[in-house]
Amino acid sequence: MDQDDNQLQFDAQGNLRHLLSLQGIDRSLLTEILNDAESYLTEPGAPPARGTSLAGRTVGNLFFEPSTRTRASFDLAGRRLGADVLNLDVNTSSRKKGESILDTIYTLEAMHVDVMVVRDASDGVPAYIARNVKDHVSVLNAGESDVSHPTQGLLDVLTIRQHNPDFANMAVAIVGDIQHSRVATSASQALQTLGVGELRLISPPALAPDAERFPGARIVDNIAAGLKDADVVIALRIQRERIGNLDGVPGIDEYFSNFGVSTENMKHAKPNAIVMHPGPMNRGIEIEGALADGPRSVITQQVTNGVAVRMAVLKRIGKRMSGQ
Ligand code: ASP
């Protein structure tokens, strides 16, 4: 993201208006969002937290790529803060019929949609929309191509902080298709902002990222070396929809034994290391099913935290809209 897009995230008073990327979100703002999210968590079985920061507002979920968790959690987060939520399905939307994205946006603005939550397979779409909406409208990036997924990065660092708040003395290993992963990018940005001690990115050479996208990270192609004494292990799916040619990517069995996060491979990590995955999971490919369901896994906690961080972001946006 360039400097202009970064500026675009804030209004003239320096308040967060759009969330397009975690690049440019400083440590104090990141921490405030995580603390707000924490305040929205309730005990299992207790009613979910609610608020009124978005009362009278309308949130539009515009998902031009498939989604389960992100879309459902933005939907719940918006409703729990008092908003009307409109879920626009790509299969029924006019974008499929060739309507330009801006015509779709102007149509929604005319219906008083105040917050556009956007997922798209192309680079730059959330920032493009943010540059073209009316002054009171906010745009939240819910997954942009292989570029960024800021609310996923927030929920990932919240989950890690609940396990261990000492980021400076922590080694985090991200394993899988780093090259095509927006999750890896956003998690890395948030971790670096919070001063993570060590960040290791583990993948087969064919799925390794450009080093400049991950300043300060160590790129590794051996899972035993990458997981050695790690505190946190994040497994990622192979983003087949973004890979034209799978040449050089190991077949399933070889992939699982060399790059799968498994009980066996976790022996290299610290004994109390946690296992994370953003979903959707492919059991037996990038993660072992028993490990995903076992005591080291915090995968369902990530999902719970996803609603809370989206509420925290929406609350800020709602307060700005009402001038508070
Ligand atoms: N759900 C995540 C994303 O939207 C991870 C994935 O799809 O693999 O990027």
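Shown above is the structure to which this text applies.
All figures in this text were calculated on a predicted structure; none of them were measured in a lab.

## Re the sheet that holds strand 1 (residues 58-63)
Consideration 1: The strand order across the open sheet formed by 4 strands is 2-1-3-4, and the pairing between neighbours is parallel. The outermost strands of the open sheet, each flanked by one partner alone, are strand 2 (84-89) and strand 4 (138-144). Going across the sheet, the axis of each strand differs from the next one's by a mean of 15 degrees, ignoring polarity.
Consideration 2: When strand 1 meets strand 2, the two strands line up parallel, connected through 6 bridges. Paired with Leu 62 across the two strands is Leu 88, which belongs to strand 2.
Consideration 3: Its contacts with the sheet put helix 3 (residues 69-80) on strand 1, strand 2, strand 3 (115-120) and strand 4, and the angle it makes with strand 2 is roughly 160 degrees.

## Concerning the site of the ligand
Consideration 1: If you check the shell around the ligand, you find Arg 119, His 149, Arg 182, Val 183, Arg 237, Gln 239, Pro 278, Gly 279 and Pro 280 and nothing else.
Consideration 2: At 3.2 Å from an oxygen atom of the ligand is found a side-chain nitrogen or oxygen belonging to Arg 119.
Consideration 3: One nitrogen or oxygen atom from the side chain of Gln 239 is found 2.8 Å from an oxygen atom belonging to the ligand.
Consideration 4: Out of a free accessible area of 260 Å², the ligand has 92% covered by protein chains.
Consideration 5: In terms of residue class, the shell around the ligand is built from 3 nonpolar, 3 polar and 3 charged.

What counts and what doesn't
- Residues numbered from 1 in each chain as written.
- Predicted model: local features only at pLDDT ≥ 70, side-chain atom pairs only at ≥ 80, totals over all residues.
- Heavy atoms only, no water.
- Pairing = 2+ DSSP bridges.
- Helix = DSSP H or I, 4+ residues; strand = E, 2+ residues; numbered from the N terminus.
- Axes fitted to C-alpha atoms, helices over the stretch in contact; angles between N-to-C directions.
- Contact = heavy atoms within 4.5 Å.
- Near = heavy atom within 4 Å.
- Polar contact = N/O pair within 3.5 Å; in protein donor to acceptor, adjacent residues only side chain to side chain.
- Areas by Shrake-Rupley, 256 points an atom, 1.4 Å probe, with all protein chains shown as cover.
- Nonpolar A, V, L, I, M, F, W, Y, C, P; charged D, E, K, R; others polar.

Everything listed here is a matter of geometry and, on its own, says nothing about what the molecule does.
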